[in-house]
Every structure is written in structure tokens, then in C-alpha cells.
Amino acid sequence: MRMVDVIDHKRNGSALSKEEIKFFVDGVTDGSIPDYQTSALLMAIYFNGMQDDEQAELAMQMLKSGDQLDLSDIPGIKVDKHSTGGVGDKTSLPLAPMIAALGIPIPMISGRGLGHTGGTLDKLEAIPGFNVELTEAQFKQQVKDIHLAIVGATGNIAPADKKIYALRDVTDTVDSIPLIAGSIMSKKIASGTDALVLDVKTGSGAFMKSEEQARDLAKALVSIGKSVGMDCMAVISDMNQPLGNMIGNALEIKETIDILKGEGPEDITDLVLTLGSQMVVLAKKADTLEEARQMLEAGVKSGKALEAFRQMVIAQGGDGRVVDDPTIMPQAKFKIELPAKASGVVGEMTADEMGIASMLLGGGRQTKDDQLDYAVGLELHKKVGDAVAEGESLLTIYADREDVEDIKQLLYDNIKIEASAKPLTLIHEIIK
């Protein structure tokens with residue numbers, strides 16, 4: 001088989017056979033296919049797409065290119081959640097302990113942030129001492145002991161995906177649904193969980209800007225999961241404004257603690273309970289979504305969910321006092337208000353630009369080697385649909401530099417005050 005023939009088939013709109021996809025992924029993994037031919041096939045896939053069975057085969061071959069976790073010795077139905085990423089999206093952090101508090105095992109492998117989207121691991125590392133690099137044995141034992149661990153990728157998971165993703169980034173083929181779906185699901189299937197809930201974002205702060213794109217991606221992800229026998233569903237949720245009120249690493253840990261105390265913002269609390277209810281049903285701990293939601297709310301009210309978070313922090317070397325005193329995390333030197341320039345109603349908050357504002361303060365990475373400032377970020381006081389008076393604070397800028405005029409200008413350019421506006425709809429659609 002020749003790689004040029006595989007490229008030719010996809011360039012001309014043909015479906016690739018299982019043998020061709022295996023040949024491609026094997027060649028990427030062992031380095032026998034040069035980058036220029038890999039790039040050519042990626043562009044052909046970008047323009048001509050893939051059928052459901054092709055997408056599933058691509059995910060499975062990328063999965064087989066590396067290690068696979070065997071979690072079969074952990075009792076119970078293992079459930080995980082994956083988000084396509086957004087601004088202020090700390091959903092995993094309160095969600096995982098809420099689920100674990102019900103005795104459901106949550107072996108969560110998460111990532112770091114790059115650009116305007118924050119990474120779950122970066123947020124956890126704002127807690128003094130927190131270790132996200134557990135061995136496979138430590139990871140499995142912790143899930144057995146306390147039902148919960150959140151770590152970075154262990155071992156050599158989907159090495160073909162790492163090479164392909166690096167080329168997608170520089171060949172402008174990142175936003176190809178078959179390639180996104182294959183990348184996500186190869187890693188999720190390799191992580192060994194039995195059931196998966198996907199949070200697919202749509203809007204200005206999301207990978208998928210349109211609802212149609214988000215729906216297509218959600219269907220592709222669920223289709224791949226089901227093709228390998230994984231119990232899988234997706235929620236399409238809104239990312240036209242930041243999620244919750246906090247953007248930034250230590251700030252989002254503080255908001256996580258507020259949510260687990262039952263004191264969090266309404267939007268992210270609702271999303272956590274929506275996703276969590278699906279996870280509880282998939283774990284067969286409840287028959288209906290209503291029953292599952294009540295169980296989650298009871299876990300928050302009793303303090304068990306917050307205690308599960310504290311147990312995870314301590315088990316992974318972090319300072320458990322953070323639950324009672326979030327100020328033990330890095331604190332910004334300056335808190336600067338952003339007053340509204342006019343009275344009216346908040347009509348728009350461009351989510352990705354607000355994420356970029358936090359990144360420029362030091363809260364995110366422009367390159368993968370950038371060092372994070374855990375203390376900085378934004379605290380929103382108004383959201384879309386909220387009334388505001390001239391001079392009233394729209395948000396607080398947490399900074400470690402006094403001059404933030406560049407940040408203020410960026411924020412003013414991306415927060416629109418209008419005569420009237422309706423609140424945004426958070427949950428767009430459920431895909432099963």
C-alpha cells in the first residue's frame with residue numbers, strides 16, 4: 001500500500017477502508033509516513049469529511065497506537081465527562097466530587113489550557129501542593145479508595161493523535177469534525193471508562209461557533225462511543241458568554257468551592273446538575289434524571305460533595321485547608337473595577353475575548369511553555385440580560401500589575417450595553 005494512493009482516495013471523495021486507515025495511523029506512529037503526506041491527507045479529510053464508520057475506525061486506530069488503561073478491577077460503572085472547552089468552564093471540578101459522593105467511581109484524565117480556554121489541571125495546581133501526575137497504580141488505587149482522581153494523561157495514550165494534532169495546528173485543519181472526534185474519543189476510550197457524558201460547547205467562546213457545527217460534532221462523538229460499546233451521550237451548552245462568574249485559576253477553584261457549598265452562580269450550577277444527572281443515570285444509580293438531580297442536590301446540602309473534593313485534594317498532596325480558606329492560594333496584588341460607561345442592559349459579553357483578557361494578565365498560555373500566574377483573572381458582576389447603571393462595576397480585574405488599561409480597553413470593546421436584551425439559553429440540546 002502507498003500513502004499517495006490513500007491521499008488520492010480521500011482527495012477524490014472516497015471512503016477510506018479499515019486497512020487504509022490502519023496503514024495511515026501506523027505510519028504516523030512509527031514515523032514512516034512523512035509530515036507532508038500526513039498533512040495532505042488531513043487537508044483531504046478537512047474538505048471531504050468522513051463517514052461514521054471511517055470516523056470510528058480512525059478513533060480506534062489512534063487508540064491502538066498507544067497504551068490503554070484497564071480499570072476493570074475498580075468496582076462499579078466508571079463514568080467520565082469531557083468538555084470541548086470554554087471560558088470559565090470549571091465544570092469538572094465541582095461535578096466530579098458530586099458524583100463521587102454518591103459512590104460512583106470517577107477516573108478523570110484531564111488536560112491543560114492553551115489560549116483562551118483554561119485547563120482543569122492548571123486550575124487544580126493553583127492549590128498548594130496539588131499533584132496531577134500520578135502513576136497508573138496510584139490513580140487506580142485512589143479511585144478505589146475515594147471514588148475520585150483527576151490527573152494528567154498517564155503513560156503513552158494515543159501517540160498518533162499527538163503527532164496528528166501538532167500538524168493540524170499548523171495546517172489549519174483543527175476544526176475538522178472527523179479529526180476532532182477521533183482525537184477526543186481515542187483518548188477517552190483509551191482511559192478505560194464505561195460511560196461518558198460529553199459537554200459540547202457552542203458560541204463565541206467555543207470551538208464550534210455555530211449550533212449546527214456543535215450538533216454535528218456531538219453526533220460524531222456519540223456515534224464513535226456507541227460503536228465500541230461505550231454508554232455515551234452529549235449535552236450542547238452555550239458559550240456565548242463566560243460560564244459562572246470567575247475566570248482564572250485560583251478564582252475558579254474558589255468558585256468550585258462555592259458551588260459545592262450550594263452558593264455558586266445559577267448558570268454553572270445548573271449545567272453541573274444537568275451533566276451530573278446524566279452521569280448518575282448512566283451509572284445506574286438512578287432511574288430518572290429527576291431522581292438523579294435530587295441525589296446530587298442532597299449531596300451538596302449534606303456537605304458530602306464538598307468533603308469528596310477535600311478528600312481528593314488531600315489524596316493528591318494538596319492543602320485541604322483550601323476548602324475553608326481559599327486565600328491560601330495565590331492572591332492578586334491589585335483588584336481593579338471596570339465601571340459601565342452607560343446605563344442599560346448587558347447585551348453581549350464576547351466569551352473568547354474575555355478569556356484572552358485573562359490570558360494577557362497571565363492566567364493562560366499563549367505558548368505551551370508559558371508560566372501561569374494562578375492569582376489573576378476576572379470576576380464578573382453582570383451577565384447578559386442584567387441591568388446596569390452608568391458607573392456601576394461590570395467586573396473586577398484581578399492583576400499583578402497596576403496598569404491594566406490594555407485589558408480595560410479589550411473588555412470595553414467586547415461588552416455591549418444595550419437598551420434591552422434577554423438572558424442566554426444555557427442548554428441547547430441533548431444528543432443520545
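Just so it is clear, the model here is predicted, and its values are computed rather than measured.

Engineer: Mind laying out the environment of M62, listing which residues take part and the relevant values?
Structural biologist: Following the sequence through the fold, M62 ends up in helix 4 (residues 52–64). Apart from residues lying up to four places away in sequence, M62 is in contact with V25, A158, A160, D161, I164, G182, S183 and S186.

Engineer: Can you lay out helix 15 (residues 351–363) for me, pointing to particular residues and giving the numbers?
Structural biologist: An ideal rise of 1.5 Å per residue puts 18 Å on 13 residues; helix 15 reaches only 15 Å between its terminal C-alpha atoms. Where burial is concerned, most of helix 15 is hidden: 10 out of the 13 residues are buried. Among all positions in helix 15, only A351, D352, M354, G355, A357, S358, M359, L361, G362 and G363 are buried.

Engineer: Tell me what's going on with the pairing of strand 4 (residues 195–202), and back it up with residues and numbers.
Structural biologist: Moving residue by residue along a regular strand, the side chains alternate between the two faces of the sheet. Of all 8 residues in strand 4, 8 are buried; the element is thus mostly enclosed. Covered by surrounding structure in strand 4 are A195, V197, D199 and K201 together with L196, L198, V200 and T202, the residues of both alternating faces. Bridging between strand 1 (residues 79–83) and strand 4 involves 5 bridges; their strand directions are parallel. Across the sheet, residue D80 finds its bridge partner in strand 4, namely L196. As judged from the 8 bridges shared by strand 4 and strand 5 (residues 231–238), these two strands associate in the parallel manner.

Engineer: Tell me what's going on with helix 14 (residues 304–315), and back it up with residues and numbers.
Structural biologist: The terminal C-alpha atoms of helix 14, which comprises 12 residues, lie 16 Å apart, in line with the 16 Å expected from a rise of 1.5 Å per residue. Those residues of helix 14 lying buried are A305, L306, A308, F309, R310, M312 and V313. Summarising the contacts, the buried residues of helix 14 are in contact with helix 5 (92–100), helix 6 (120–124), helix 7 (136–146), strand 3 (148–151), helix 11 (249–260) and helix 13 (289–302). Just downstream of helix 14, G317 is the residue with a positive phi angle, here 85°.

Engineer: Residue-level account of the packing of aromatic side chains, with values.
Structural biologist: Given two aromatic rings, one states the distance between the centres and the angle between the planes to describe the pair. Counted under the stated rule, the structure contains 1 aromatic pair. Their ring planes at 90° and their centres at 5.3 Å tell us that Y46 and F47 sit as a pair that is edge-to-face. The exposed category is assigned to F47, whose relative accessible area is 61%. Of note, K341 hangs over the ring of Y412, and the distance from its end group to the ring centre comes to 4.1 Å.

Engineer: I'd like a description of the nonpolar core, backed by residues and values.
Structural biologist: In summary, soluble globular proteins display a tendency toward joint burial of nonpolar side chains. In this structure, I397 and L411 are the most contacted members of the largest nonpolar core, which totals 78 residues. Broken down by element, the residue count for this core peaks at 8 residues, all from helix 12 (residues 266–282). Excluding residues within four positions of it along the chain, I397 makes contact with F334, K335, I336, L361, G377, L378, V404, I407, K408 and L411. Counting 29 residues, the second largest nonpolar core, distinct from the first, contains A56, V200, M230 and I236.

Engineer: Before we move on, can you summarise the domain arrangement of the protein with the specific residues and values?
Structural biologist: In terms of domains, the protein is made up of domain 1 (3–49), domain 2 (79–323) and domain 3 (331–418). Domain 2 and domain 3 are separated by 25 Å when their C-alpha centres are compared. Facing the 26 residues of domain 2 at the interface are 27 residues of domain 3. Together, the buried faces of domain 2 and domain 3 total about 1,900 Å²; carbon and sulfur atoms form 56% of this surface. A per-residue breakdown of the area domain 2 buries against domain 3 is headed by Q241, N245 and I247, which together make up 26% of the total. Joining domain 2 to domain 3, the criterion identifies 2 salt bridges. Close ionic contact of K383 with D267 constitutes a salt bridge, the shortest N to O distance being 2.8 Å. Linking domain 2 with domain 3 are 9 residue pairs in polar contact (both at pLDDT 80 or more), by the criterion used here. Sorting the residues of the side of domain 2 that touches domain 3 by element identifies strand 6 (246–247) and helix 11 as the ones contributing at least two each.

Engineer: Explain the side chain of D319 to me, and be specific about the residues and the numbers.
Structural biologist: Tracing the backbone through its elements, the reader meets D319 in the loop between helix 14 and strand 7 (334–339). Within the structure, the side chain of D319 is placed 2.6 Å from the side chain of R321, a separation counted as a polar contact. When near neighbours in sequence (up to four residues on either side) are disregarded, D319 contacts I127, P128, V313 and I328.

Engineer: I'd like a rundown of the sheet that holds strand 10 (residues 387–388), residues and numbers included.
Structural biologist: Strand order in the open sheet formed by 3 strands is 10-8-12, and the pairing between neighbours is antiparallel. The sheet is open, and its two edges are formed by strand 10 and strand 12 (415–418), each paired on a single side. Where strand 8 (residues 344–349) meets strand 10, 2 bridges bridge the pair, whose relative direction is antiparallel. Across the sheet, the residue bridging to G344 is V388, located in strand 10. In the packing of helix 16 (residues 405–414) onto the sheet, contacts are made with strand 8 and strand 12, and the angle to strand 12 comes to roughly 45°.

Engineer: Provide a residue-level description of the packing of helix 4 against helix 10 (residues 211–227), including the pertinent values.
Structural biologist: Relative orientation of the contacting elements helix 4 and helix 10 amounts to 65°, with a least axis distance of 9 Å. As far as their axial angle goes, helix 10 and helix 4 are roughly perpendicular. Relative to helix 10, helix 4 is oriented so that their crossing is right-handed. Two secondary-structure elements touch here, helix 4 through D52, Q55, A56 and A59 and helix 10 through A220, S223, I224 and S227. Broken down by class, the residue content of the contact of helix 4 with helix 10 amounts to 4 nonpolar, 3 polar and 1 charged.

Calculation rules
- Residues numbered from 1 in each chain as written.
- Predicted model: local features only at pLDDT ≥ 70, side-chain atom pairs only at ≥ 80, totals over all residues.
- Heavy atoms only, no water.
- Helix = DSSP H or I, 4+ residues; strand = E, 2+ residues; numbered from the N terminus.
- Contact = heavy atoms within 4.5 Å.
- Expected span 1.5 Å × (residues − 1).
- Buried < 20%, exposed > 50% of the residue type's maximum accessible area, 1.4 Å probe, protein only.
- Pairing = 2+ DSSP bridges.
- Phe/Tyr/Trp six-rings, centres within 6.5 Å; stacked < 30°, edge-to-face > 60°.
- Lys NZ or Arg CZ within 6 Å of the ring centre and 35° of its normal.
- Core = buried A, V, L, I, M, F, W, Y, C linked by side-chain atoms within 4.5 Å.
- Domains from an automatic or database assignment.
- Buried area = accessible area lost by both parts, 1.4 Å probe.
- Salt bridge = Lys/Arg side-chain N within 4 Å of Asp/Glu carboxyl O.
- Polar contact = N/O pair within 3.5 Å; in protein donor to acceptor, adjacent residues only side chain to side chain.
- Axes fitted to C-alpha atoms, helices over the stretch in contact; angles between N-to-C directions.
- Parallel < 35°, antiparallel > 145°, perpendicular 65-115°, else oblique.
- Left-handed = near helix turned anticlockwise from the far one by under 90°.
- Nonpolar A, V, L, I, M, F, W, Y, C, P; charged D, E, K, R; others polar.

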